[in-house]
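# Coordinate inspection notes
Each chain, letter by letter, is given below.
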Amino acid sequence: MLNDVIPEPADAPVPKKRGRAIVVTSGKGGVGKTTTTANVGAALAAAGAAVVLVDADVGLRNLDIVLGLEARVRHHVLDVLEQNATLDDALVTDKRVPALRLLAAAQTREKDDVDTDGFRALIDTLRERFDYVLVDCPAGIEKGFVNAIAGADEAIVVCTPEVAAVRDADRVVGLLGDSRKVSLIVNRLRPALVRKGKMLSVDDVNEILHLPLLGVVADAPDVIVSTNKGEPVALDPASPVGSAYRAIAQRIAGTLTTAPEIPREKTFFEKLFGSRS
């Protein structure tokens, strides 16, 4: 009968699931978007996922430096969009984590040079090849922001516990719209300052933003050291901050469902004798 459903052959190919496109944004500059993108991406790749990091901050390229890949960048995103290089030529593979790739931004061009529809199509192409496409969004809400969010159906808002950062993040959340899944990372928390009432707490931040909390990252010296070295701290098994990034990656992947741990101030005895195991 015409209405009968014709079953597919048993050996019919299973359609490949498209990857997830996630933009890492904030509104305010200097809150740690690039560091977050690098470390979350490295943690996802180290766990076995195919990950590509796309630097959308045209004119101010930094993601390659944080990853320690600056010497190996030969082509950038505009080379691909303008067909001066193939995508494969522009992708840089991380030697420490081969499942991690970088598509660098152009350093001597302007954000207005990027065609938004072309960038959206590029992200769509990357989703066919990778499990995760993480887009490092530039600061502000101008053309660079519009480009960065164009192909993403998920967003991670990175916010430090500062009034200005929270206000800018709230503005960005409104611009992301209701069609995207949006979550929050609170970065550079200092528990001692929170206890003294000199820094906003995680609850203070999310009382305004009202977003699902992916994780909280403490303000620690090893982040600065790892960034200067070009070695993501997420790959350091001994780093508490690295552990926080790995937990964030697990929540993104859905393999960890527990609530994020809030960094706390060490007790007197922990400072004296070392942290408890």
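Structural notes, computed from the coordinates. These numbers were taken from a predicted model, which means no experiment stands behind them.

## Quick word on unusual backbone geometry
A negative phi angle characterises most non-glycine residues, just as the trans form characterises most peptide bonds. The phi dihedral of glutamine 83 falls on the positive side, at around 60 degrees, and the residue is not glycine. In this fold, glutamine 83 is placed in the loop between helix H3 (77-81) and helix H4 (87-90). The class for glutamine 83 is exposed, based on a relative accessible area of 71%. Even without glycine at this site, histidine 210 takes up a positive phi of about 50 degrees.

## Some remarks on the packing of helix H5 (residues 116-127) against helix H6 (residues 143-150)
Close contact between H5 and H6 brings their axes to 8 Å; oriented N to C, the two are set at 30 degrees. The orientation of H5 with respect to H6, classified from their angle, is roughly parallel. Seen from above, H5 lies across H6 with right-handed handedness. Seen from H5, the contacting residues are Thr116, Phe119 and Arg120; seen from H6, they are Lys143, Val146, Asn147, Ala148 and Ala150.

## Here we look at helix H9 (residues 202-209)
Within the span of H9, buried status applies to Val202, Val205, Asn206 and Leu209. For H9, the angular spread of the buried residues around the axis is 85 degrees, confining them to a single face. Structural note: H9 exposes Asp203 and Glu207 on the side pointing more than 90 degrees away from its buried face. Directly beyond the C-terminal end of H9, a positive phi value near 50 degrees is found at histidine 210.

## What to know about the nonpolar core
When a protein is soluble and globular, its nonpolar side chains tend to lie buried together. Val54, Leu102, Leu103, Leu126 and Val135 are the most contacted members of the largest nonpolar core, which has 86 residues in total. Setting aside residues no more than four positions away along its own chain, valine 135 makes contact with Ile22, Val23, Val24, Val54, Ala56, Phe119, Ile123 and Ala148.

## Side note on the pairing of strand E2 (residues 51-55)
Where burial is concerned, most of E2 is hidden: five out of the five residues are buried. Alternating positions in E2 separate into two faces, Val51, Leu53 and Asp55 on one and Val52 and Val54 on the other, with burial throughout. Of the pairings in the sheet, the one linking E2 to strand E4 (residues 100-103) comprises four bridges and is parallel in character. Bridge pairing links valine 54 to leucine 103 in E4. Both E2 and strand E5 (residues 132-136) contribute to a ladder of five bridges, which runs parallel. Paired with valine 51 across the two strands is tyrosine 132, which belongs to E5.

## Let's talk about the pattern of salt bridges
Enumeration according to the criterion identifies twelve salt bridges in this entry. In this structure, aspartate 124 engages arginine 18 in a salt bridge whose closest nitrogen and oxygen atoms are separated by 2.0 Å. Linking aspartate 124 in helix H5 with arginine 18 in the segment before strand E1 (20-25), this pair joins segments that are 106 residues apart in sequence. Look at aspartate 124 and you get partly exposed, because its relative accessible area is 36%. Note that arginine 129 and aspartate 88 form a salt bridge whose closest N and O atoms lie 2.6 Å from each other. Of this pair, arginine 129 sits in the loop between H5 and E5 while aspartate 88 sits in helix H4, placing them 41 residues apart in sequence. Through salt bridges with shared partners, a single ionic network connects Arg18, Asp124 and Glu128.

How each quantity is defined
Every chain is numbered on its own, with residues counted from 1 as its sequence reads. The model is predicted, so local features are restricted to residues of pLDDT at least 70 and side-chain atom pairs to those at 80 or more, both for listing and for counting; the totals for chains, interfaces and linings are taken over all residues. Side-chain measures were taken over the full set of non-hydrogen atoms in the model, leaving aside hydrogen atoms and water. Runs of E in the DSSP output that reach at least two residues are strands. Runs of H or I that reach at least four are helices, and both are numbered from the N terminus. For every residue, the accessible area obtained with a 1.4 Å probe (protein chains only) is divided by the maximum for its type, and the residue is called buried under 20%, exposed over 50%, and partly exposed between those limits. Orientation is described by axes fitted as lines to C-alpha atoms, over the contacting stretch for helices, and by angles from 0 to 180 degrees between their N-to-C directions. The labels follow the angle: roughly parallel below 35 degrees, roughly antiparallel above 145, roughly perpendicular from 65 to 115, and oblique for the rest. Each crossing is labelled by how the near helix is turned from the far one, with a counterclockwise turn of less than a right angle marking it left-handed and a clockwise turn marking it right-handed. By definition, residues are in contact when any of their heavy atoms lie within 4.5 Å. By definition, the arc is the one covered by directions from the helix axis to the C-beta atoms. In this description, a nonpolar core means a group of buried Ala, Val, Leu, Ile, Met, Phe, Trp, Tyr and Cys residues linked to one another through side-chain atoms lying within 4.5 Å. Any two strands with at least two DSSP bridges between them are considered paired. We define a salt bridge as a contact between a side-chain nitrogen of Lys or Arg and a carboxyl oxygen of Asp or Glu at a distance within 4 Å.

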